[in-house]
Every structure is written in structure tokens, then in C-alpha cells.
Amino acid sequence: MPRKPLIAANWKMYKTPVQAQEFTKNFLPLVANHERDEIVLCPSFTSLSVVIAAATGSGVAVGAQNMYSADEGAFTGETSPVMLKAIGVTHAILGHSERRQYFAETDETINKKLKAALQHGLAPIVCVGEVLAEREAGKTNEVLLRQTRGVLAGIEATQAAPIVIAYEPVWAIGTGRTATPQIASEAHGVIRGEVAKLLGGTVAESMRILYGGSVKPENASALMTEEEIDGALVGGASLDPQSFGKIVNY
Ligand code: PEP
């Protein structure tokens, strides 16, 4: 079974609800009847509902950029998978490098979130990737293996189908510096090999591994036509409907 590519927009902490609605209105006609890829918009929490309302019936899905691992409780400021599911969210980005860097997320906390997402029927888009110093020290593979094992710890092969991994080399995020298709492919191969060891060859073959890191309309085609690359997680270039539309329609 060929892997259906997934292209997700990570808007980070940008756009008010009105701006998010405006984006969606302008973006949807650009991808009407687009069947080749699964498309997911990930606005901030305050815009989830308006984007879900605007995208209903379009085939475009809506994801959260984070979530907490508990169903409910005294966790001020957090949002649970139950709450996300209740408003029509279908995906959740977990363990983005900005969350690891600024909010002290670890493989262990990300693993808890991933299990909670699966339990509640949300598709996790779980991020892994090395920082520049690790790449320069020749530690990329070591980091990818550690993170892949950490975020997937305790997951059974039978639960794994919804999981999407995003390889996001941290040195390429928001820097304008993109991994070459070869660098990305190599990293994806390392991740897929580890998934095969952990969950078996069939799961590894069907798991989608996205690339993220300064994907733009100009480099989308070269990246996405690589056999090992099953789509993209797009930050900056997803904020403009025309630009994200061009990436989806590469
Ligand atoms: C991201 O936020 O996941 C990302 C890859 O950002 P950018 O495309 O801006 O590098």
C-alpha cells in the first residue's frame, strides 16, 4: 500500500481567529478536490473552532499544535485530548522542537501525550530532529534513534497506524536553511529502520514520515518527490494561503 502523503500547516503562535478564518476562506478553493495528499491545518487553540467550522465538508482536517496527556484535572492552562476531540480536532502535533526547547518537553512527556492521543482517536504528528551542534558532532543518527525509541516507548504495533512522525532538523526550522532531499531521506531511513525494529516491518513500511524545516513553494517538489519523504510539516510558509496552496499543489 503506498503511503498517502500528509501536508500540515503549523501556524505556531500566529493569527487571530478572524485572520485564521480569512486564511481558510482563501485557501480552500486552492485545494478543492485535492486527493493526492491529506491536508491538515494546525492553528493555535483560540482559532481551532473557527477553522473547523470553515473547513467542514472540505476534506481539509484540523489539528492542534500541542495537548496535555490527561483527560481532565487540575492542570491550569492545559488542553486535553477529550476537549480537542469534542470540537472536531483530528490531529495533534506533539513534541515540536519549540516545545522541547522553550517548554521543557522530553521524550517521556511526549510519549505520554502520544499514548493519550491514540487513546482518544487523535492522529499524533510527533516531531524528532537534531540540533545543529548534534549534526556537526556526527550525532544525528544517535539523536534520531534515541528520540524515536523514546516517543514510541510502550506502543504496540496494533496501535501504530495513526502515528505520523515528522523529521524536523532543528537547524532548518525557521532559518531558511533546508535539509537537502538526500539529507532528509537519509534521516527518514534511520527513523524508519528504528520503527521496523520496534514495531515490525509492516508498520514501518506504512508509517508516514514527514519532513519539516523551511519547506517553501520553491523546494517542495524536490523534497516531496523523494521516495522516503511522505509529506511535510510547514511553518512560516504555511501562513499565507497562496504559499501553502503552492506547497500542497507542488
Ligand atoms: C515548523 O514549525 O514545524 C517548521 C518546520 O517551521 P518552518 O517551516 O518555518 O521552518
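Structure shown above.
Each chain carries its own residue numbering, running from 1 in the direction its sequence is written. With the structure being a predicted model, the display of local features is reserved for residues of pLDDT at least 70 and the display and counting of side-chain atom pairs for 80 or more, all residues being used for whole-chain, interface and lining totals. To obtain the side-chain values, all non-hydrogen atoms of the structure were included, while hydrogens and water were left out.

S.K.: Is there a simple way to explain the environment of alanine 172 in this structure?
M.R.: Going along the chain from the N terminus, every DSSP run of H or I of four or more residues is numbered as a helix, and every run of E of two or more is numbered as a strand. Looking at the element boundaries, alanine 172 is found in the loop between β6 (164-167) and α8 (181-199). Taking the relative accessible area as the measure of exposure, alanine 172 reaches 0% and is therefore buried. Contact definition: two residues touch when any of their heavy atoms are within 4.5 Å. Ignoring anything within four residues of it in the chain, the contact list for alanine 172 reads Arg177, Thr178, Ala179, Tyr211, Gly213 and Ser214. Residue burial is assigned from relative accessible area. The probe radius is 1.4 Å, only protein chains are included, and a residue is buried under 20% of its type maximum, exposed over 50%, and partly exposed in between.

S.K.: I would appreciate a short explanation of the site of the ligand in the present structure.
M.R.: Here a residue counts as near a molecule or strand whenever at least one of its heavy atoms sits within 4 Å of it. Neighbouring the ligand are 14 residues; Lys12, Glu168, Gly174, Ser214 and Gly236 lie closest to it. In the environment of the ligand, an oxygen atom lies 2.6 Å from a nitrogen or oxygen atom belonging to the backbone of glycine 174. Nitrogen and oxygen atoms within 3.5 Å of one another constitute a polar contact, given that in protein one can donate a hydrogen and the other can accept it, and given that sequence-neighbouring residues count only through two side-chain atoms. The separation between an oxygen atom of the ligand and a polar main-chain atom of glycine 236 is 2.8 Å. Residue exposure ignores everything except the shown protein chains as possible cover, and the areas themselves are Shrake-Rupley values with a 1.4 Å probe. Notes on the ligand: free accessible area 290 Å², of which the protein chains cover 96%. Tallied by class, the residues present in the shell around the ligand amount to 4 nonpolar, 8 polar and 2 charged. In this classification, Asp, Glu, Lys and Arg are treated as charged, Ala, Val, Leu, Ile, Met, Phe, Trp, Tyr, Cys and Pro as nonpolar, and every other residue, Gly included, as polar.

S.K.: Any chance you could explain the packing of aromatic side chains here in plain terms?
M.R.: The relation between two aromatic rings is expressed through the spacing of the ring centres and the mutual angle of the planes. Any pair of Phe, Tyr and Trp rings, taking the six-membered ring for Trp, is counted once the centres come within 6.5 Å. Such a pair is stacked with planes under 30 degrees apart, edge-to-face with planes over 60 apart, and tilted for the rest. Under the definition given, this model contains 5 aromatic pairs. Taking the centre distance of 4.6 Å and the plane angle of 65° together, the rings of tryptophan 11 and phenylalanine 23 count as edge-to-face. Of this pair, tryptophan 11 sits in the loop between β1 (6-10) and α1 (17-27) while phenylalanine 23 sits in helix α1; the two residues are 12 residues apart in sequence, bridging distant segments of the chain. A ring pair is formed by tyrosine 68 and phenylalanine 75, whose centres lie 4.8 Å apart and whose planes are at 50°; its orientation type is tilted. On the accessibility criterion, tyrosine 68 (26% relative accessible area) is partly exposed. Among the residues examined, phenylalanine 75 registers a relative accessible area of 35% and is labelled partly exposed. Placement of a charge over a ring requires the Lys NZ or Arg CZ to be within 6 Å of the ring centre, with the centre-to-atom vector within 35 degrees of the ring normal. Taking NZ or CZ as reference, lysine 15 lies 5.4 Å from the ring centre of tryptophan 11, over its face. In this arrangement the basic side chain of arginine 36 is found over the ring face of tyrosine 250, its NZ or CZ atom lying 3.9 Å from the centre.

S.K.: How should I be thinking about the sheet that holds strand β5 (residues 123-128) in this particular structure?
M.R.: Strand pairing within a sheet occurs via backbone hydrogen bonds; the two strands may be parallel or antiparallel. The rule for pairing is simple: two strands pair if DSSP sees at least two bridges between them. Taken in spatial order, the 8 strands of this closed barrel run β1-β2-β3-β4-β5-β6-β7-β8, and their pairing is parallel. Adjacent strand axes in the sheet meet at a mean angle of 25°, parallel and antiparallel pairs treated alike. Note: strand β7 (residues 208-212) against strand β8 (residues 231-234), 2 bridges, orientation parallel. By the bridge assignment, glycine 212 is partnered in β8 with leucine 233. Here an axis means a line fitted to C-alpha atoms, over the contact stretch when the element is a helix, while the angle between two N-to-C directions is reported on a 0 to 180 degree scale.

S.K.: Honestly, the pairing of β8 in this entry has me stumped. Any pointers?
M.R.: Along any regular strand the residues' side chains alternate between the sheet's two faces. Neither face of β8 is open: one carries Gly231 and Leu233, the other Ala232 and Val234, and all of them are buried. Both β1 and β8 contribute to a ladder of 4 bridges, which runs parallel. Paired with isoleucine 7 across the two strands is alanine 232, which belongs to β8.

S.K.: Just checking my understanding: could you explain the packing of α1 against helix α2 (residues 48-55) for this structure?
M.R.: For any two helices packed against each other, the geometry is given by the interaxial angle and the distance between the axes. Contact geometry of α1 with α2 gives a least axis separation of 9 Å together with a crossing angle of 25°. In terms of orientation, α1 and α2 fall into the roughly parallel class. Seen along the crossing, α1 lies across α2 with a hand that is right-handed. Where α1 abuts α2, its residues Pro17, Ala20 and Thr24 lie against Val50, Val51, Ala54 and Ala55. The class makeup of the residues in the contact of α1 with α2 is 6 nonpolar, 1 polar and no charged. Roughly parallel covers angles under 35 degrees, roughly antiparallel covers those over 145, roughly perpendicular covers 65 to 115, and oblique covers all other angles. Here is the rule for handedness: rotate from the far helix to the near one, and if that takes an anticlockwise turn smaller than a right angle the crossing is left-handed, while a clockwise turn gives right-handed.

S.K.: Explanation requested: the pattern of salt bridges in the structure shown.
M.R.: Where charged atoms of side chains with opposite charge meet at close range, the side chains can pair. We define a salt bridge as a contact between a side-chain nitrogen of Lys or Arg and a carboxyl oxygen of Asp or Glu at a distance within 4 Å. Here the structure, examined in full by the defined rule, presents 14 salt bridges. A salt bridge links glutamate 105 to arginine 99; the nearest nitrogen and oxygen atoms lie 2.7 Å apart. Across this residue pair, the class does not change: glutamate 105 and arginine 99 are buried. Its salt-bridge partner being aspartate 107, residue arginine 100 comes within 2.7 Å of it at the nearest N-O pair. Residue arginine 100 shares its accessibility class with aspartate 107, and that shared class is buried. Because the salt bridges share partners, they merge into one network encompassing Arg3, Arg192, Glu205, Glu228 and Asp230.

S.K.: Which parts of the structure should I look at to understand helix α5 (residues 107-119)?
M.R.: Each α-helix winds once per 3.6 residues, and so residues spaced three or four apart point in a common direction. Taking 1.5 Å of rise per residue, 13 residues should cover 18 Å, and α5 covers 18 Å from first to last C-alpha, within 8% of that figure. Taken as a whole, α5 has its buried residues at Asp107, Ile110, Asn111, Lys113, Leu114, Ala116, Ala117 and Leu118. For α5, the elements touching its buried residues are α3 (81-87), β4 (91-94), α4 (97-102), β5 and α7 (140-151). A positive phi of about 75° marks glycine 121, the residue just after α5. Multiplying 1.5 Å by the helix residue count minus one yields the expected span of that helix.

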